[in-house]
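Residue-level structural notes
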Amino acid sequence: MRSRLPLIAAAALIIGACGSDDDTSSEDSAPDDTEEAAETGDDGSDGAEDGADEATDDAEEADDTADDAGGSADSGDAAAAPAGDLVIAISGDETSLNPYTYVTGYPGWNLLNLLHDSLLVLDENNEPQPLLASEWTVSDDGLTYDLTLRDDVTWHDGEAFDADDVAFTFGYVVDNVQSRWTPGVAAVDSVTVNSPTEVSIQLNAASPDFPVRPLADMPIMAEHVWADVTDPNNASGVEQNIGTGPYRLAEYNPDQTYLLEANGDYAMGTPVADTISLAIIPEPSTAFAALRAGEVDMVSSIVEAQLVQEFQNDGDLDVQIGPGFGSTMMNINNERPGLDNPEVRRALGLAVNPQELIDVVLLGTGTQPNPGFLHPNSPIATESVEHVFDVDEANAILDGLGAAPGDDGTRVLDGEPMSYELLVYADNPGRIRTAEILAEQFAAIGVSVTVSPLDAETVDEAVWPGFDVSNGRDYDLAMWGWSPPVQLDAGRYGSLFHSDTSSGTFNVVGFSDPVVDGLVDQLGAATSADERGPIVDELQSTVAELRPFITLYYLDGAYAFRPDSFDGWVYQAGQGPLGKISLVDFG
């Protein structure tokens, strides 16, 4: 299968030079912590996060290059036959795929985890399982984690892995801020190496999510590789990409291809593929045409709704479908005059009809939004707030504020027309269509919105300059999204709202409210999931009233692959099948 790459790379370069109306970008285009959050890879954000946006590609409108259809989809099995040489299409370059320079929360973070290991790993139900740590115990007060490490793990360069690497990593991400890893270790008071295979982590406050983040999220870094790297955000060379993971980076051709080779010494399981070739194909239509032609074996982008049935009927293809935790939302600059009024934001929220968005843009393959942000199936929420669509109430609110319509029908508030620009990625047709429908919905309440499609870098820089919220922001409204990991961790969730930029690392809307700050602080102090649950629920309800942004929908996941090449894809709840639990047989 490696021989297929030159043809794919050439096609990608030609299309890239010519441009296309079918481009789409990751739901998380920012560095991974947007992970996370929109999470970006450079400093870790699960894709700005969508804009991140931490997590997922909307594969938009594939062309007539697709063939006839035929077959159905099964969810696959981790013990399926080995894949041999596997080719996966991804939508963009992830640089050298090291812990400080990968670009997106999805698929960048997923691919990073093929090269690197964390102490624990999340299974298909997002429950932490042993990885580099073979076992762990937690003290009754939740402040001390004692971990036993495997004694048979080596780095890709042959050096032995031990507890010193663990202690080094925790210290390094404190000294060298990375938007995904650093917030996860904020509760760590000390890391003590008791022996080469034993480490104790002392927290300054109990953290119910600690096993999820950082233990099952942050890659452990080789001390002998990274100790002398003083500027990790610019450590773009592959020489830093020495991990313990099931695959190693063998080749990297920027903006074209990656070649990952199986790590024959992987201690935790058996890589299912001898090689994994990653073909960078920005246009989904081109990627899916390559899939149907047998040039690639899986496409990381989500199959667009109107193509799912066609792909399921294709005898050579299967489609895995499941819930998606990646969010699609409209960010509101809470510092803009007019938009700084929560009543205005509430009126905008009431004007949004998410069912129309889901029916028209997603053809029904999406989940209704929780105005408090969390997906209804998020493991950190016990309740979900229901979105209310009420144009009459929205108009009544604006009338009450004295925002009377001007000559052109656009309301005027405090002497200024309620006319705003809505930024959107130019290469994402689904989001552009969503933005256009929003503009129509807002017109019904006398608010004028101009949709401005721009390249992803320009949008990201306006919303999240330098992927650092302390740099401020320069926009009115923006289509955005955070990748799935934000839904799994109360700390990440709180970071969307806190007004202190050291805590609100994903607060790209400039939201500030003392009650919300207090609730986020309480989240950080909660010692158990039971204690945390009511706080999360109150935070959701408060956010739903204050509307720092408008959650629009959650796109269900649909991922196409060729089962004759590999049918062992395992769908991780909310995140999809591309990841370590699919591409390693843990036995």
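Throughout, residues of each chain are indexed from 1 in the direction in which the sequence is written. The predicted nature of this model means local features are confined to residues of pLDDT at least 70 and side-chain atom pairs, given and counted, to a pLDDT of 80 or more, with totals for whole chains, interfaces and linings taken over all residues. Working from all heavy atoms in the structure, the side-chain values ignore hydrogens and water.

Some points on the side chain of Gln540
Note the threshold: Counting from the N terminus, the helices are DSSP H or I runs at least four residues long and the strands are E runs at least two residues long. Think of it in three bands: with a 1.4 Å probe and only protein chains considered, a residue is buried below 20% of the maximum accessible area for its type, exposed above 50%, and partly exposed in between. Any two residues whose heavy atoms approach within 4.5 Å are treated as being in contact.
Its place among the elements puts Gln540 in helix H16 (residues 529–546). Residue classification places Gln540 among the buried positions, given a relative accessible area of 1%. Aside from chain neighbours lying at most four places away, what touches Gln540 is Asn370, Gly372, Leu374, Ala381, Glu383, Ser384, Val385 and Tyr493.

Side note on the layout of surface pockets
Under the convention used in this document: Space inside and on the surface of the protein is sampled on a 1 Å grid over the protein atoms alone, with a cavity defined as a set of points where a 1.4 Å probe fits but cannot get out and a pocket as an open set with protein on both sides within 12 Å along at least 5 of 7 lines; lining residues have an atom within 4 Å of a point. Grid points are joined across faces, edges and corners, and a volume is the space filled by probe spheres set on the points. All amino acids are sorted into three groups, where Ala, Val, Leu, Ile, Met, Phe, Trp, Tyr, Cys and Pro are nonpolar, Asp, Glu, Lys and Arg are charged, and the leftover types, Gly among them, are polar.
The space that makes up the largest pocket amounts to roughly 900 Å³. Surrounding the largest pocket, 42 residues form its lining, Pro183, Ala186, Arg213, Ser502 and Ser503 being those nearest its centre. If you list the elements that add at least two residues to the lining of the largest pocket, you get helix H4 (181–184), helix H14 (490–494) and helix H15 (514–525). At four residues, the largest contribution of residues to the lining of the largest pocket is made by H15. Residues belonging to the lining of the largest pocket are distributed by class as follows: 17 nonpolar, 18 polar and seven charged.

Comments concerning the packing of aromatic side chains
The test is simple: For Phe, Tyr and Trp, where Trp contributes only its six-membered ring, two rings pair if their centres lie within 6.5 Å, and the inter-plane angle classes them as stacked under 30 degrees, edge-to-face over 60, or tilted in between.
Scanning all chains against the criterion turns up 23 aromatic pairs. Measuring from ring centre to ring centre gives 4.9 Å for Tyr145 and Phe210, while their planes differ by 50 degrees; the resulting arrangement is tilted. Of the two residues, Tyr145 sits in strand S7 (residues 144–149) while Phe210 sits in the loop between strand S9 (198–203) and helix H5 (211–215), which places them 65 residues apart along the sequence. Phe210 matches Tyr145 in its accessibility class, with the two residues each being buried. Aromatic rings pair up to connect Phe373, Tyr493, Phe497, Phe511 and Phe549 into one cluster.

Looking at empty space enclosed by the protein
Volume-wise, the largest cavity comes out at about 190 Å³. In terms of lining, the largest cavity is formed by 18 residues, of which the most central are Trp109, Asn113, Val121, Gln572 and Lys580. Contributing elements (two or more residues each) for the lining of the largest cavity: helix H2 (108–115), strand S4 (120–122) and helix H17 (580–583). The residue makeup of the lining of the largest cavity, split by class, is nine nonpolar, eight polar and one charged. Looking at the second largest cavity, its volume works out to about 50 Å³.

Some details on the confidence of the model for the chain
Inclusion rule: A score between 0 and 100, pLDDT records how confident the predictor is in each residue.
Mean pLDDT over the chain: 86, with 86% of residues reaching 70 or higher. Considering only residues more than four positions removed or in separate chains, one finds that residues 6–79, a stretch of pLDDT under 50, has 433 contacts.

Thoughts on the environment of Asn263
Put simply, the rule is: Each polar contact in these results corresponds to two N or O atoms within 3.5 Å; when the atoms are within protein, one needs to be able to donate a hydrogen and the other to accept it, and residues that are neighboring in sequence are counted only if both atoms are side-chain atoms.
Residue position: Asn263 is located in the loop between strand S11 (257–262) and strand S12 (270–271). When its relative accessible area of 3% is taken as the criterion, Asn263 is described as buried. Sequence separation between Asn263 and Arg248 is 15 residues, and the spatial gap between their C-alpha atoms is 6.2 Å. Setting aside residues up to four positions removed in sequence, Asn263 forms contacts with His156, Thr244, Gly245, Pro246, Tyr247, Arg248 and Pro271. One polar contact links the side chain of Asn263 to the main-chain amide nitrogen of Asp265, over a distance of 3.0 Å.

Here's the deal with the nonpolar core
To be explicit about the condition: Put simply, buried Ala, Val, Leu, Ile, Met, Phe, Trp, Tyr and Cys residues joined by side-chain atoms within 4.5 Å make one nonpolar core.
Ranked by internal contacts, the top residues of the largest apolar core, which has 131 residues, are Leu119, Phe170, Ile276, Phe442 and Leu583. Residues in contact with Phe170, not counting those within four places in the same chain, are Leu119, Val185, Val188, Val191, Ile201, Phe210, Pro214, Leu215 and Met218.

So, the side chain of Ser327
Looking at where Ser327 falls in the secondary structure, it is placed in strand S16 (residues 327–332). Within the structure, the side chain of Ser327 is placed 3.0 Å from the backbone nitrogen of Trp482, a separation counted as a polar contact.

A look at the packing of helix H10 (residues 354–361) against helix H12 (residues 429–443)
Two quantities define a packed helix pair, namely the angle between the helix axes and the distance between the axes. Rules: A fitted line through C-alpha atoms represents every axis, and for helices the fit uses only the stretch in contact; the resulting angles, taken between N-to-C directions, go from 0 to 180 degrees. By definition, turning the near helix anticlockwise from the far helix through less than a right angle yields a left-handed crossing, and turning it clockwise yields a right-handed one.
Direction vectors running N to C along H10 and H12 enclose 145 degrees, while the axes themselves pass 10 Å from each other. Note on packing geometry: the crossing formed by H10 with H12 is right-handed. Contacts between H10 and H12 involve Glu356, Leu357, Val360 and Val361 from the former and Gly430, Arg433, Thr434, Ile437, Leu438 and Gln441 from the latter. The residue makeup of the contact of H10 with H12, split by class, is five nonpolar, three polar and two charged.

What about the sheet that holds strand S8 (residues 188–195)?
So the rule is basically this: Two strands form a pair only when DSSP identifies at least two bridges running between them.
Taken in spatial order, the four strands line up as S6-S7-S9-S8 in an open sheet, and their pairing is antiparallel. Every other strand in the sheet has two partners, leaving strand S6 (133–138) and S8 as the edge strands with one partner each. In this sheet, adjacent strand axes meet at a mean angle of 20 degrees when their direction is disregarded. Relative to S7, S6 runs antiparallel, the two being bridged by five bridges. If you follow Ala133 over to S7, its bridge partner there is Leu149.

Examining unusual backbone geometry
Across the junction of Tyr106 and Pro107, the peptide omega takes the value 5 degrees, indicating a cis bond. Positionally, Pro107 belongs in the loop between strand S3 (84–90) and H2. Here the residue pair Arg213 and Pro214 is connected by a cis peptide bond, since its omega of 20 degrees sits within 30 degrees of zero. Note that Pro214 resides in helix H5. The residue Asn126 is not glycine, and still its phi comes out positive at about 65 degrees. With respect to the helices and strands, Asn126 occurs in the loop between S4 and strand S5 (128–130).

A short note on the sheet that holds strand S18 (residues 404–405)
Spatial strand order, S18-S19-S20: three strands in an open sheet with antiparallel pairing. Strands with a single pairing partner mark the edges of an open sheet, and in this sheet they are S18 and strand S20 (416–417). Pairing geometry for strand S19 (residues 411–413) and S20, over two bridges, is antiparallel. Within the sheet, the bridge partner assigned to Val412 lies in S20 and is Pro417.

Concerning the pairing of strand S24 (residues 549–555)
Here S24 lies mainly inside the structure; seven of its seven residues are buried. The sheet contact formed by S16 and S24 spans five bridges and is antiparallel. Opposite Met329, over in S24, you have Thr551 as the bridge partner.

Quick look at the pattern of salt bridges
Applied cut-off: Salt bridge, as used here: a side-chain nitrogen of Lys or Arg that lies within 4 Å of a carboxyl oxygen of Asp or Glu.
Applying the stated criterion across every chain, the model contains 15 salt bridges. Residue Glu343 is joined to Arg346 by a salt bridge in which the shortest nitrogen-to-oxygen separation is 3.3 Å. Here Glu343 and its partner Arg346 are both found in helix H9 (residues 342–351), three residues apart, which amounts to about one turn of the helix. For the salt bridge of Glu436 with Arg433, the shortest nitrogen-to-oxygen distance reads 3.4 Å.

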